[in-house]
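# Structural overview
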Amino acid sequence: MDLSSLAVILQAALSPNPQERKAAEESLNQYQYTPQHLVRLLQIIVDGNCDLAVRQVASIHFKNFIGKNWAPHEPGEQQKISPTDKAAVRDYLLEFIVRVPSLLRVQLGECLKTIINADYPEHWPALLTWVKCHLQDQQVYGALYVLRILSRKYEFKSEDERTPVYLIIDEAFPPLLNIFNRLVQIPSPTIEIAELIKLICKIFWSSIYLEVPKQLFDPNVFNAWMVLFLAMLERPVPTEGQPTDPEQRKSWEWWKVKKWTVHIMNRLYTRFGDPKLLKPENKPFAQMFQKHYAGKILECHLNLLNVIRQGGYLPDRVTNLVLQYLSSSISKSNTYQLLKPQLDIVLFEIIFPLMCFNDNDEKLWREDPHEYVRKGYDIIEDLYSPRTASIDFITELVRKRGKENLQKFLTFIVEVYRRYDEAAPGYKPYRQKDGALLAVGALCDKLKQTEPYKSQLEQMLVQHVFPEFRSQVGHLRAKAAWVAGQYASINFADQRNFSAALHSVVAGLRDPELPVRVDSVFALRSFVEACKDLNEIRPILPQLLDEFFKLMNEVENEDLVFTLETIVDKFGEEMAPYALGLCQNLAAAFWKCMQSAEAEEDLDESGALAAVGCLRAISTILESVSRLPHLFPQVEPILLPIMQRMLTTDGQEVFEEVLEIVSYMTYFSETISLEMWSLWPLMINALDDWAIDFFENILVPLDNYISRSTEHFLTCKEPDYQQSLFKVLSSVMTDKNIEDHDIEPAPKLIEAVLQNCKGRVDQWVEPYLRITIDRLRRTEKKYLKDLLIEVIANALYYNPHLTLNILQKLAVATEVFNLWFHMLQEVKKSGQKANFRREHDKKVCILGLTSLLSLPSELLPEESLRQIFRAVLDLLVAYKEQVAETAKNNEDEDDDMDAWKTDDDEEEEDDSDKEMGVDTEDGDEVDSQRLHKLATQVHAGDEDDDSDDDFSDDEEFQSPIDNVDPFVFFSEIMKVMSVSDLRRFQILTQSLDFHYQAVANAVAHHAEERRVEIEKEKAEKAASGVVGKQ
């Protein structure tokens, strides 16, 4: 297709007529793989005589095609672009990327990024030569633009992937430094100069983000760069040409230059300026940086902050970054000494005013309260917020240098309170009071553990915080609620003060101002957690929940859901009357979040968190009413649509939370409905397609279906649940690309089938044994080996005759039993058994091997019989010891908890007796040493390098064999043998050595004890049932 024809098709792609657009798109798709098509598209993009809209359509089509097809996404995938076309595209891009308008340059820049990531350096070695060449001619901007993309490729690469960076720095940084030097010396620089300097800053940033390249360790080279960066830091931003619009102003190129310069200085200081954090070979660099540059940067930063003090403009992001540097400077003695003389000015004339409610807050509060709330709770906003950085500075100052600063700062706060109290209504410094409340709330952790303030907190709250619940100023009501929540956990000498604050916070839920209502919800969570007498809340619970859901209809905020979870958790089964309404409202809130996401084609962070929060709250409600199974059928119709939709690919973001709801619904409900069974195929399909990472979560509901609705699992043929389960487990277990760790739920599900369907799934024993043995032969992970052997044990317990025949038919019986007995004998360096470490593992092995003892003599040779008999005795002894140890640990647990509490109380007491702060620049190092010591102790205790992270002996595990006592089971089998084949029984018992005879006698004795205990437990249970009926 020639250029003119292609241009006509692209023009048609802009047509308002849908049919014409569709035809154009089909034509473009039809010709996209033809030779020279990409080159012609690029020719249209760079053709200045062509209509800009057509060029833009071409650039988007070009970018999308490059993104999908430049490099194969799968191994062995065929190349879709010829080498000739690729070479032409690369040359065209370099030549024209700076000549096109910025609208098109963005698209071509994305293409260049894709190509560089795929081709450099292996398939495009000439790129760096091109950059170096054009850094020294008239195409400097193009060279810088390309170099920025090239350097960004390696920004986050680990050390072993950063080798190409060193060549880039060798070749490009010397001319780059010369260009930077010339640009800085231009007396009246234009906005185009700012753009060039910004690109240089971003190139430098990407090159030093993870490590300072060795070439820059040369003091002369590094100093040459630092002189220029410091010059940019000191130089005032030009006033001429600054936009007046706030949004445009902060994005102005010269302010971006300032931001990136501060960014680089901060990165160098926090990442590379602390000798304690670096490798020994890099410490001289850090010491040089501290000595020659850290103080100078601090001085420049303080001058920047002085602009704010004098009423000038500094973008929020720059202010935030500067304050981050100041916070980092507090712990280092040399920089703190430089900061100290100006600290009062910084604290009281810069930091505190930034903490106060301001004009922008007022405007947003009044015009868009929803946005005010969103910004207040958005962690991303914190990255740009001067207020957050100010709080961090104050917190760090009192943590590291509290002794000389905490009292001084609080005296200032008290003076703010005094001026506020003395001023006449209407003339009170409301905004300063807001800042003072914010400061006190932010310092809560320090004040709650430091005398003399700790004992004065209640008085402070009553005198200065609680009165603002009734303030005529909305933002003070909101701040009072927030501060009250920060201190809800203190020990109130007068419980009436706690009650008054709680009721004020609850009243805040009905405040006419949205931000007050949201902050009140946030505070309420702390009060509910701290509440010792739930009668404070119980009478108002219905109204409380009502206000909650009104608010949830207004805003998508995860903190609302957190508070609701806390209430549900606190009241437990008392929430039963509200469970249906809660689930209805939470489901409605969830769907609202999802509809917002679909409308915007993506779920923003606050909406996503709120959606997850709704599902998590539903799980909390289901758990709280778990002993009331009659409620579950009532909530099922509300939750079923969520489960049906979100168990497909639509729900990948909330899959784990939805599976938890399915688990509760299938476990606590009296029966599993047919509607709930409709979820089985969805989970199986997801597991087979994309959800292998969620296999552990899927295991729980699938196990519930098999164990709690066994009859339906066995008898339903449309769909065939048995077949679908085997199909997916076979697919997973035979897949060599799936790691051992991800396979572990598979044998657990096979166990569920064999134990719950005993005697009814004979046809599945062989298929399951085949895939188990296949995986066992190539499994390396110990825990998975245990689980796979336990499948064989479960099959033997299911039907020993059938299983042994299958193993012999497959010619693997000897192989399997040799491996099993080897694993039973294998010990770790510590002397502990290496395998079958859980009580459940041992029990399954006991039941499986004991079942073999019931087989007739012609099926089990005497030597095998003796080996199995001894193995069972060893397992029974180990099982008995482990059960006894678990029981002892459970008895000691309460005492241990008391001991922990005592330790905590003593620690808290010690903290409260501390002086007002710890002034040490080595605070973090002390923490680091303590952690290192703990880590050393842990490793010293774990002498075995083959420990299995998956092992857990306290699993809450339920199965059909829970009621089978292994000692009684063994004893019954042996009794049957003594009657049915006395000769065999005598040979078996009389061939034992002294040790095993003693073990056998002890096991027999313990079996009788257990039989008596079991009968006694049954009688007590029956008696309690009769009493209950009466």
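What counts, and at which threshold
Residues numbered from 1 in each chain as written. Predicted model: local features only at pLDDT ≥ 70, side-chain atom pairs only at ≥ 80, totals over all residues. Heavy atoms only, no water. Helix = DSSP H or I, 4+ residues; strand = E, 2+ residues; numbered from the N terminus. Buried < 20%, exposed > 50% of the residue type's maximum accessible area, 1.4 Å probe, protein only. Areas by Shrake-Rupley, 256 points an atom, 1.4 Å probe, with all protein chains shown as cover. Lys, Arg positive; Asp, Glu negative; His and termini not counted. Charge placed at Lys NZ, Arg CZ, Asp CG, Glu CD. Salt bridge = Lys/Arg side-chain N within 4 Å of Asp/Glu carboxyl O. Phe/Tyr/Trp six-rings, centres within 6.5 Å; stacked < 30°, edge-to-face > 60°. Lys NZ or Arg CZ within 6 Å of the ring centre and 35° of its normal. Expected span 1.5 Å × (residues − 1). Arc of directions from axis to C-beta. Axes fitted to C-alpha atoms, helices over the stretch in contact; angles between N-to-C directions. Parallel < 35°, antiparallel > 145°, perpendicular 65-115°, else oblique. Contact = heavy atoms within 4.5 Å. Nonpolar A, V, L, I, M, F, W, Y, C, P; charged D, E, K, R; others polar. Patch = residues over 30% accessible without salt bridge, like charges linked within 9 Å, V, L, I, M, F, W, Y side chains within 5 Å. pLDDT = per-residue confidence, 0-100. Core = buried A, V, L, I, M, F, W, Y, C linked by side-chain atoms within 4.5 Å.

Turning our attention to the overall build of the chain. Within the chain, the secondary structure is distributed over 50 helices and 0 strands. Seen through its principal axes, the chain has C-alpha atoms that stretch 110 × 85 × 65 Å. Looking at the chain as a whole, 50% of its 1030 residues qualify as buried. Carbon and sulfur atoms make up 50% of the accessible area of the chain, which amounts to about 49600 Å² in all. Of note, the chain has its 111 positive side-chain charges centred 4 Å away from the centre of its 165 negative side-chain charges.

Below, the discussion takes up the pattern of salt bridges. Here the structure, examined in full by the defined rule, presents 53 salt bridges. Residue lysine 250 is joined to glutamate 247 by a salt bridge in which the shortest nitrogen-to-oxygen separation is 3.4 Å. Here lysine 250 and its partner glutamate 247 are both found in helix 12 (residues 246-250), 3 residues apart, which amounts to about one turn of the helix. Accessibility expressed as a relative area gives 51% for glutamate 247, which makes it exposed. Of the charged contacts in the structure, one is a salt bridge between arginine 538 and glutamate 574, with a shortest N-O distance of 2.6 Å.

So, about the packing of aromatic side chains. The full count for this structure, using the stated rule, is 53 aromatic pairs. Arranged with centres 6.0 Å apart and planes meeting at 45 degrees, the rings of phenylalanine 289 and tyrosine 293 form a pair that is tilted. Of the two residues, phenylalanine 289 and tyrosine 293 are both situated in helix 14 (residues 283-309); the distance of 4 residues between them amounts to about one turn of the helix. Ring centres 6.0 Å apart and planes at 35 degrees place the aromatic pair phenylalanine 632 and phenylalanine 668 in the tilted group. On the criterion of sequence distance, the pair formed by phenylalanine 632 in helix 32 (residues 632-646) and phenylalanine 668 in helix 33 (residues 655-668) is long-range, its members being 36 residues apart. Members of the aromatic cluster, connected to one another through ring pairs, are Phe217, Phe222, Tyr269, Phe285, Phe289, Tyr293 and Tyr325. If you follow arginine 249 out to its NZ or CZ, it ends over the ring of tyrosine 313, 4.0 Å from the centre. The residue whose ring lies beneath arginine 317 is tyrosine 384, and the NZ or CZ to ring-centre distance is 5.0 Å.

Okay, helix 44 (residues 813-825) next. The first and last C-alpha atoms of helix 44 sit 18 Å apart over 13 residues, in line with the 18 Å expected at 1.5 Å per residue. Every buried residue belonging to helix 44 is among Ala813, Val816, Phe817, Trp820, Phe821, Met823 and Leu824, and all of these are buried. The buried side chains of helix 44 occupy one side of the element, clustering within an arc of 160 degrees when seen end-on.

Another point: the packing of helix 45 (residues 839-852) against helix 48 (residues 966-980). Helix-helix packing is described using two parameters, namely the angle between the two axes and the distance between the axes. Where helix 45 meets helix 48, the closest approach of the two axes is 10 Å, and the angle between their N-to-C directions is 5 degrees. With respect to each other, helix 45 and helix 48 are oriented roughly parallel. Judged by residue contacts, Lys843, Ile846, Leu847, Thr850 and Ser851 of helix 45 engage Pro966, Phe969, Phe970 and Ile973 from helix 48. For the contact of helix 45 with helix 48, the per-class residue count stands at 6 nonpolar, 2 polar and 1 charged.

Here we take up unusual backbone geometry. The linkage connecting tyrosine 120 with the following residue, proline 121, adopts the cis geometry, with an omega of 0 degrees. Of note, proline 121 is situated in the loop between helix 6 (102-119) and helix 7 (126-134). Look at the link from glutamate 718 to proline 719: it is a cis peptide, with omega at 5 degrees. Its identity as a non-glycine residue notwithstanding, phenylalanine 836 has a phi of 50 degrees, on the positive side. Relative to the helices and strands, phenylalanine 836 resides in the loop between helix 44 and helix 45.

We now examine a negative patch on the surface. Taken together, the side chains of Asp569, Glu623, Glu656 and Glu660 present a region of like negative charge at the surface. Position of glutamate 660 relative to the elements: it lies in helix 33.

On average, the chain scores 89 in pLDDT, and the residues at 70 or more come to 92%. Confidence drops under pLDDT 50 across residues 899-955; counting only partners more than four residues distant or on other chains, this segment forms 68 contacts.

Attention now moves to the nonpolar core. Judged by nonpolar contacts, the single largest core of 341 residues is most densely connected at Phe62 and Trp820. Sorting elements by how many residues they give to this core places helix 21 (residues 386-422) first, with 14 residues.

Taking 1.5 Å per residue, 17 residues should reach 24 Å; helix 42 (residues 782-798) reaches 24 Å between its end C-alpha atoms and fits that length. The buried fraction of helix 42 amounts to 15 of the 17 residues, a majority that puts the element mostly inside the structure.

Moving on, we get to the environment of valine 700. Take valine 700: it is sitting in helix 36 (residues 695-708). Separated by 37 residues in the primary sequence, valine 700 and serine 663 have C-alpha atoms spaced 6.1 Å apart.

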